[in-house]
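Structural description and commentary
For reference, the chains in residue letters:
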Amino acid sequence: MALLDAYTNPLTADQVAYLLRRATFGPTADQVKTLTGQTAAQIITKLLADQPTPPPPLDLATGKPFHDQPFDTANAGKFNAYLNYWWANLMLNQPVSLLEKMTLFWSNHFVTNFSTVNDYRFMYRYNTLLRQYALGNFKAFTVAVTQDPAMLRFLNGNQNIVGRANENYARELQELFTIGRNGGYTETDVREAARVLTGWTDVSYRSATTTPVSSTFRLNQHDKTDKTFSATYQNTVIKGRSTATAGLDELNDLITMILSNVETPRYICRQLYRWFINSDITPAVETDFIQPLAEIFRKANFEIKPVLTALFQSQHFYDEAIRGGMIKSPTELVIGTFRFWGLQAPDPAQNITAFYQIGNYIFARITEQQQQILNPPTVFGWTAYYQTGYYQQWINSTTLGLRGFFGDALTTNALKLNGKVVIDSIVYAKTLSNPADAGVLVANIVSQLLGVPLDKSQLDFLTDTVLLNSIPRYEWTGEWNDYIQAPNDAAKKQAVQMKLTAFLQYIFRMAEYQVI
Amino acid sequence: MKRRNFLQHAASSLLLPVLIDGYGAKAFARPSSFIQSLVDLADQSDRVLVIIQLQGGNDGLNMVIPLDQMSIYTDPKFRGNIAIPEAKALRLKNYSQTGLHPAMTGMQQLFNDGKLSIVQGVSYPTPNFSHFRASDIWMTAVDQNQTAGSGWAGRYLDKRFPGYPDSYPTTQMPDPPAIQIGYVTATSLLGPTGSMAIVLQDPDTFARLVGDKPNAPATNLAGYAGQQIEYIRQQQASSVSYAGQIKTAAGKSKNLATYPTANALGDQLKIIARLIAGGMQTKVYYVTMGGFDTHAAQVVGTDTTTGTHANLLRTLSDAVLAFQNDLAQLKIADRVVGMTFSEFGRRAISNGSFGTDHGTSAPMFVFGTAVKSPIVGKNSNLSDLDNNNLKMQTDFRQVYAAILTDWFGTDTTTESTTLFRDFPVSTVFRAPQIVTAVSATAAEAHLYPNPASTVAVLESDWLAQGVQSVQLINMQGRFLSVDTSRPTTTSVQMNVSNLPTGNYMLRVETAQGLLTKRLAVAR
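What to know about the overall build of chain A
- Within chain A, the secondary structure is distributed over 23 helices and six strands.
- Compactness check: chain A gives a C-alpha radius of gyration of 25 Å against a globular reference of 24 Å for 516 residues, within 12% of the reference.
- In terms of its C-alpha atoms, chain A occupies a principal-axis envelope of roughly 85 × 55 × 40 Å.
- Residue burial in chain A is summarised as follows: out of 516 residues, 51% are buried.
- Restricting to contacts in chain A with at least 6 residues of sequence separation, those with at least 24 account for 71%.

As for the interface of chain A and chain B
- The partner chain B presents 41 residues to the 50 residues of chain A that form the contact.
- Mapped onto the side of chain A that touches chain B, the elements with two or more residues apiece are α10 (168-177), α18 (397-411) and α21 (456-467) of chain A.
- Element by element, the count of residues in the side of chain A that touches chain B is highest for α18(A), at seven residues.
- Residue composition of the side of chain A that touches chain B, grouped by class: 18 nonpolar, 23 polar and nine charged.

Topic: the nonpolar core
- Residues A:Leu19, A:Leu83, A:Met123, A:Leu293 and A:Ile362 are the most contacted members of the largest nonpolar core, which totals 157 residues.
- Per-element accounting of this core gives the leading share, nine residues, to helix α4 (residues 76-93) of chain A.
- The contact partners of A:Met123, leaving out residues within four places of it in the chain, are A:Leu83, A:Phe114, A:Val117, A:Ala150 and A:Leu374.
- Counting 117 residues, the second-largest nonpolar core is a separate cluster that includes B:Val48, B:Ala310, B:Met339 and B:Ile403.

Quick word on the confidence of the model for chain B
Residues and elements named next belong to chain B.
- Averaged over all residues, the pLDDT of chain B is 81; the fraction at 70 or higher stands at 84%.
- Every residue in residues 1-44 is under pLDDT 50, and counting partners more than four places away or in other chains gives 41 contacts.
- Throughout residues 434-443 the model reports pLDDT below 50, and contacts reaching past four residues in sequence, or to other chains, amount to eight contacts.
- In the model output, the complex is listed with pTM 0.71 alongside ipTM 0.89.

Focus on the sheet that holds strand β2 (residues 64-66) of chain B
All names here are of chain B.
- Taken in spatial order, the three strands of this open sheet run β2-β4-β3, and their pairing is antiparallel. Lying at the two open borders of the sheet, with one neighbouring strand each, are β2 and β3 (90-92). Direction aside, the axes of adjacent strands within the sheet are offset by 45° on average.
- On the sheet, helix α5 (residues 105-112) packs against β3 and β4 (95-100) and is oriented at approximately 15° with respect to β3.

Structural notes on helix α11 (residues 187-196) of chain A
All names here are of chain A.
- With seven of 10 residues buried, α11 lies mostly within the body of the structure.
- What α11 keeps buried is the set Asp189, Val190, Glu192, Ala193, Ala194, Arg195 and Val196.
- Summarising the contacts, the buried residues of α11 are in contact with α10, β3 (227-228), β4 (237-238) and α12 (246-259).

Regarding the sheet that holds strand β21 (residues 502-510) of chain B
Residues and elements named next belong to chain B.
- Spatially, β18-β17-β21-β22 is the arrangement adopted by the four strands of the open sheet, whose pairing is antiparallel. Two strands in the sheet have a free side with no partner beyond their single neighbour: β18 (479-480) and β22 (513-521).
- With seven bridges connecting them, strand β17 (residues 467-474) and β21 associate as antiparallel partners. Within β21, the residue paired with valine 470 across the bridge is valine 508.

Side note on the packing of α18(A) against helix α23 (residues 490-509) of chain A
Residues and elements named next belong to chain A.
- Between α18 and α23, whose axes approach to 8 Å, the crossing angle comes to 155°. In terms of axis orientation, α18 runs roughly antiparallel to α23. When the axes of α18 and α23 are compared, the crossing they make is right-handed. Packed against α18, whose contacting residues are Gly404, Gly407, Asp408 and Thr411, the element α23 presents Thr501, Leu504, Gln505, Phe508 and Arg509 at the interface.
- Tallied by class, residues from the contact of α18 with α23 come to two nonpolar, five polar and two charged.

A few points about the environment of A:Ala294
Residues and elements named next belong to chain A.
- Mapping alanine 294 onto the fold places it in helix α14 (residues 283-299).
- Spatially, the C-alpha atoms of alanine 294 and lysine 33 are 34 Å apart, while their sequence positions differ by 261 residues.
- The residues touching alanine 294, leaving out its near neighbours within four places in the chain, are Pro265, Arg266 and Cys269.

What to know about unusual backbone geometry
Residue and element names in this part refer to chain B.
- The residue after tyrosine 448, namely proline 449, is reached through a cis peptide bond having omega -20°.
- On the secondary structure map, proline 449 appears in the loop between β15 (445-448) and β16 (455-460).
- A cis amide bond links asparagine 450 with the next residue in sequence, proline 451, at an omega value of 5°.
- Here the phi dihedral of alanine 297 falls at roughly 50°; this positive angle occurs in a residue that is not glycine.
- Exposure remark for alanine 297: the 16 C-beta atoms within 10 Å place this residue in the partly exposed category.
- For phenylalanine 354, which is not glycine, the phi dihedral falls at a positive 55°.
- On the secondary structure map, phenylalanine 354 appears in the loop between β11 (336-342) and β12 (362-367).

Concerning the environment of A:Phe340
All names here are of chain A.
- Locating phenylalanine 340 in the fold gives a position in helix α16 (residues 330-340).
- Here phenylalanine 340 falls in the buried class, since 21 other C-beta atoms lie within 10 Å of it.
- For the pair phenylalanine 340 and asparagine 89, spaced 251 residues apart in the sequence, the C-alpha separation amounts to 14 Å.
- Setting aside residues up to four positions removed in sequence, phenylalanine 340 forms contacts with Gly26 and Thr28.

Parameters and conventions
- Chains are numbered independently. Their residues run from 1 in the order of the written sequence.
- Whichever chain is written first becomes A and whichever ligand is written first becomes 1, with later ones labelled in order.
- It should be noted that, the model being predicted, local features are given only for residues of pLDDT at least 70 and side-chain atom pairs only at 80 or more, the latter also being counted only at that level, while totals for whole chains, interfaces and linings use all residues.
- The numbering of helices and of strands both runs from the N terminus, where a helix is a DSSP run of H or I of at least 4 residues and a strand a run of E of at least 2.
- Throughout, radius of gyration means the C-alpha value; the globule benchmark is 2.2 Å times the number of residues raised to the power 0.38.
- Partly exposed residues are those whose C-beta has more than 12 but fewer than 20 other C-beta atoms within 10 Å; 20 or more makes a residue buried and 12 or fewer makes it exposed, with C-beta atoms placed from the backbone.
- We call two residues in contact whenever the C-beta atoms placed from their backbones are within 7 Å.
- Under the scheme applied, nonpolar residues are Ala, Val, Leu, Ile, Met, Phe, Trp, Tyr, Cys and Pro; charged residues are Asp, Glu, Lys and Arg; polar residues are all the others, including Gly.
- The nonpolar core criterion groups buried Ala, Val, Leu, Ile, Met, Phe, Trp, Tyr and Cys residues into a set whenever they are joined through C-beta atoms within 7 Å.
- A score between 0 and 100, pLDDT records how confident the predictor is in each residue.
- Pairing between strands is defined by DSSP: at least two bridges between the two strands are required.
- To get an axis, fit a line to the C-alpha atoms, keeping to the stretch in contact for a helix; angles then go from 0 to 180 degrees between the N-to-C directions.
- Note that the term roughly parallel is reserved for angles under 35 degrees, roughly antiparallel for angles over 145, roughly perpendicular for angles of 65 to 115, and oblique for everything else.
- It is the rotation of the near helix from the far one that decides the hand of a crossing: anticlockwise by less than a right angle makes it left-handed, clockwise makes it right-handed.

Following this line, the structure appears as structure tokens:
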């Protein structure tokens, strides 16, 4: 199982940047510098360290939480928007940690969406559940998410009652959440699982009077007869029960049964592989990576951390052939770009207006680029993780244009977030080793911003054609030094600034900027 | 493809069966859609297809209502809690047994004007109940146990415009082969090496957004990273080269009909009408409408003609009617047909939540002035279910085959490659079969062996006066060529060894009249 063997060499700067682009929403230059030379195992420990539970989103008008209040129809649109902005900012402000990337992963796995659920309090509770279990135990997670009020509404579990089963959740539980659609479950298994799951419902949906949001089990709506499954599940019979805990007891049996099929941990590992490594699961990857990883998962009693540890320190993950093979999702592009340039959302208790301005801007960009958080289009999540072409699904004529447009906006003075322009190209150039040398400057910028290396002809093109527009390189040195000697001379400053801005805009539109 | 070549291709495939059998055009004495197709071929290259995907699995049984089986349909044990009352169902001209959902007044109007064809009971053998897999099957046009990395429309366009996108645009084809209005590229439009479509949301801002063509040297990276980078560069290059064309076309025309407001599908079709009228030569347009996964609250319990499904169907129906009116006023209606599809229909028996779970076959709509058969097939038989699901009548690939051959004029080889094998063409674009001939009685004609495996012989005294034509028609209404010989003056022998097993209608035209017999081929 060489692919899954640990890569133990200290990581180079490129490898650290690569690891952080994949495992988080992207690094800053300083983070890369600090972690270079550490081993993968050391960095992963940091990535998996416990994070404090984030405080809930606040109402812009009152500065108070709204998730624990009765449903407010008049403000529902606003509160839902704040929830979205709040989560976007958690991703933006996240330290070196896997937590928010995994929370997003689970929102694409155990999907619900706002369009269907349509109660911001339900969505908050659901999002909190994803974060709570994101790095926890998958079995407990599956049991919990099955009872989650947003999930009960999204897949009609709340209408699944004895004698009139609604199969929606029972099907997706198997097809998408656990054993996978090639796992061998049958239509009988769908029907029987639906019967196991009868009786649950959500509480306080869009209620202007009651709190809190929760779910409950109604024994009188539960199918108390035995449920018999197919050979895929060893013809297991789940005993029908009639006690107050019948719902939970049978649910535990059901999840235990599904997880005991060897396909279930494999299916989850394939999902993680497509999320973090590559869309192409070759036969070798299946046998030498997915299967042993699934075995780790199973032996760890479905704890998620051991799987992520093995995945991110595997030799396979650091294979050069893997790097650059993923196209950035809109969140990776937008939030990753902001993170690199050091944009952080302020503490909402201090400056709630700026906090929501930033969250709003991110949310608008990722929405137009087709990754609206808390609202994946269907129960399968975003097409980029399952449909032919995979990550290429993010790219089409319109979204590519919007990606370029986003880059353009950051480099102009027109966009100010929290009162500041996002990118000051001159300040940035000064952080680099030798900004007076155009060739070195370009090579430095490119190695920090792009996930893949460029060759000499590309670097020369970027230097001579894009940055310098065919003037000789020594002219740049002269202009840069002129500016350094007279930093308050507006004309001299503009001479270098215009070139740097146009250069960065070009980089943001390059195909190479879209991959990690 | 050049128009001339194209005509030759199309003509050869359509004419061959007519001439080889040696019976001449007279064999098609009744108004023949084949002959009509040939006439229409002259401006074939202007033809456009609009695909409307109804995402989530549309409940066909509440959309097209079996008025002949209302007692079962409204039975509380069947779908009484969601059934549309007979009195509310919209009536269809000349088809009293079939009705439409009350929200579909637009579709009713199109049907009564002969601009809508309803293909009943469309599915495929051993249907899949996963949204996922079922959508893939419909889009890639494969059997339930096969997979393909490209979509059916994409494969067709790839044949039609080989080398796209690298060697395009050209003078003959300055426009993208397909345009999708919306978000993420649809699998149906994937060609063998990538999408055949340009995706746009708003033609007016499109050109501004796409920016400049990338002109940096190409990447030297191979492998996964190289593939992704090449893909993105190629997308960028095609968007830029088409941006101007799209802007110009959108600028050249304006919508003439009034579209419904707050109707997302209408907004998208509106753009399409403008682009077609503006002179775009794009062949396929693709739009998506979501929300059809109605497990619960599909109808409002107190009034089953309202609710989620009614709203969806109204949106669809209003948008398509406005689009069709617009096309007519823009004088381009004859160049456009549209079709709707959904990954599956829903369970015939409703659930307890005023909804329906995943099912199988459902009707497809094909609209446009070119349709000929108002209804293909019959209402699904509600007393003959398969595990609570409606049985299939037409394979969806037969409808694709109809679009490829009868609408786009594709030759059989291309059609078969595109759909992976030859499918009988659904009769959407062909006149409905009119049963007027007097059937010969058993005494007058004798067909044996029946079922036949290699040869079948028809004996009748009527044959002695001369045979004008021998036609074999399969159950989908497609005419098949058959080798014949005359062993005696009162018999015709047919070689059926190459025919697929199944039921056929044999029609032999003689001086005394028409002989028709049902022939089964079995092996």
